[in-house]
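Working through the structure, step by step
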Amino acid sequence: MVTVQSIKEYDKEHSTVITIGTFDGVHIGHRKILERLIKNAKDSNLKSVVLTFFPHPRMVLQKDTDIKLINTIEEKTKILKELGLDFLIIHPFTADFSRLSATEFVRDLLVNELQIKKIIIGYDHRFGRNRTANINDLITFSSTFDFEVEEITAQEIDDVSVSSTKIRKALEEGDIQTANTYLGYRYMLTGTVKKGKGLGRQLNFPTANLQVEEVYKLIPKNGVYVVQSHVKGKLTFGMMNIGFNPTVSGTEKTIEINFFDLDQDLYDQKLQIEIIDRIRDEHKFESINALKEQLSKDKEMSLSILAKL
């Protein structure tokens, strides 16, 4: 898959089948649409293209700083690459871009730049300045500019919407099993290991303090989770705490991972943590010793869960 950062950067020599959307989560509902896109392209000897936007339009048009997304743009790119797409276009979403008329968007960008021969799109898709154009307008444009429109049905769009809603709700409630089922893969957190307070090492449970840079990334409910990660090329398992460390009167929310059978300097390394299951809520314990005892139990529980994989 070739990733380009603007429609203008696309190589015009390839005619395309495209779909447009945010595809947050790239979950099992999205995959049905993407598999259809890829098959269409192969059957027609065209290139499959996903056109997505960043920042999320709500961040720009509604100044929605509280929006939480299932994927960072980097995570989304990685997942889409694994599906076998030909091109991913991550076009910058700006106020100026939002003011393009429907004609300008279709003629100048989709037809002239992306060389579209077919677009697979939801029945409720809206586009152009103030989102005034709909799929019927797109069908009219298709006659003028000689491309085909394939409509994604209401049922399919509802499935996608329901999946996204259930995933976000499940993550907020700490229901990792449901989230992972709808995603079709394990929910991930990507970040850089930063120096913490060293409490974990004092407890004989040294932790990597993961800092997720993207403020829009949805962090699951506070608690203790079983996780895995590829650390320096090796698949490594561990347990992760999301929360405030109330036993030691913590005031900042942290994400800390204790890797089993691994004790090495990970500072400034970028890690992708995949969440397997959730063990418990975060609690305030009456003493440091009580916390240590619980951490030993958490590790036993984690190893028991991992043994069943």
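See the structure above.
Basis of the calculations
Residues numbered from 1 in each chain as written. Predicted model: local features only at pLDDT ≥ 70, side-chain atom pairs only at ≥ 80, totals over all residues. Heavy atoms only, no water. Buried < 20%, exposed > 50% of the residue type's maximum accessible area, 1.4 Å probe, protein only. Helix = DSSP H or I, 4+ residues; strand = E, 2+ residues; numbered from the N terminus. Pairing = 2+ DSSP bridges. Axes fitted to C-alpha atoms, helices over the stretch in contact; angles between N-to-C directions. Contact = heavy atoms within 4.5 Å. Salt bridge = Lys/Arg side-chain N within 4 Å of Asp/Glu carboxyl O.

1. Details of the pairing of strand β7 (residues 188-194)
- Among the seven residues of β7, six are classified as buried, and the element is accordingly described as predominantly covered.
- The sheet contact formed by β7 and strand β12 (residues 270-280) spans five bridges and is antiparallel. Note that in β12 the partner of Met-188 across the bridge is Glu-274.

2. What to know about the sheet that holds strand β1 (residues 2-4)
- What the six strands build is an open sheet, ordered β1-β4-β3-β2-β5-β6; its pairing is parallel. Unpaired on one side and paired on the other, β1 and β6 (148-152) mark the two borders of the sheet. Each strand axis lies, on average, 20° off the axis of its neighbour in the sheet, ignoring direction.
- Across five bridges, strand β5 (residues 116-122) lies against β6 in parallel orientation. Note that in β6 the partner of Ile-119 across the bridge is Val-149.
- Where helix α3 (residues 73-83) meets the sheet, its contacts fall on β1, β3 (47-54) and β4 (87-92), and the angle it forms with β4 comes to roughly 160°.

3. Describing the pattern of salt bridges
- On inspection of all chains with the given rule, the structure shows 18 salt bridges.
- Taking the shortest distance from any N to any O, the salt bridge between Asp-268 and Lys-194 comes out at 3.6 Å. Placement of Asp-268 in the loop between β11 (254-259) and β12 and of Lys-194 in strand β7 is noted, with a sequence separation of 74 residues between them.
- By relative accessible area, Asp-268 is classed as exposed at 59%.
- With relative accessibility at 28%, the residue Lys-194 sits in the partly exposed group.
- The structure contains a network of salt bridges with shared partners spanning Arg-36, Lys-118, Glu-148, Glu-150 and Glu-156.

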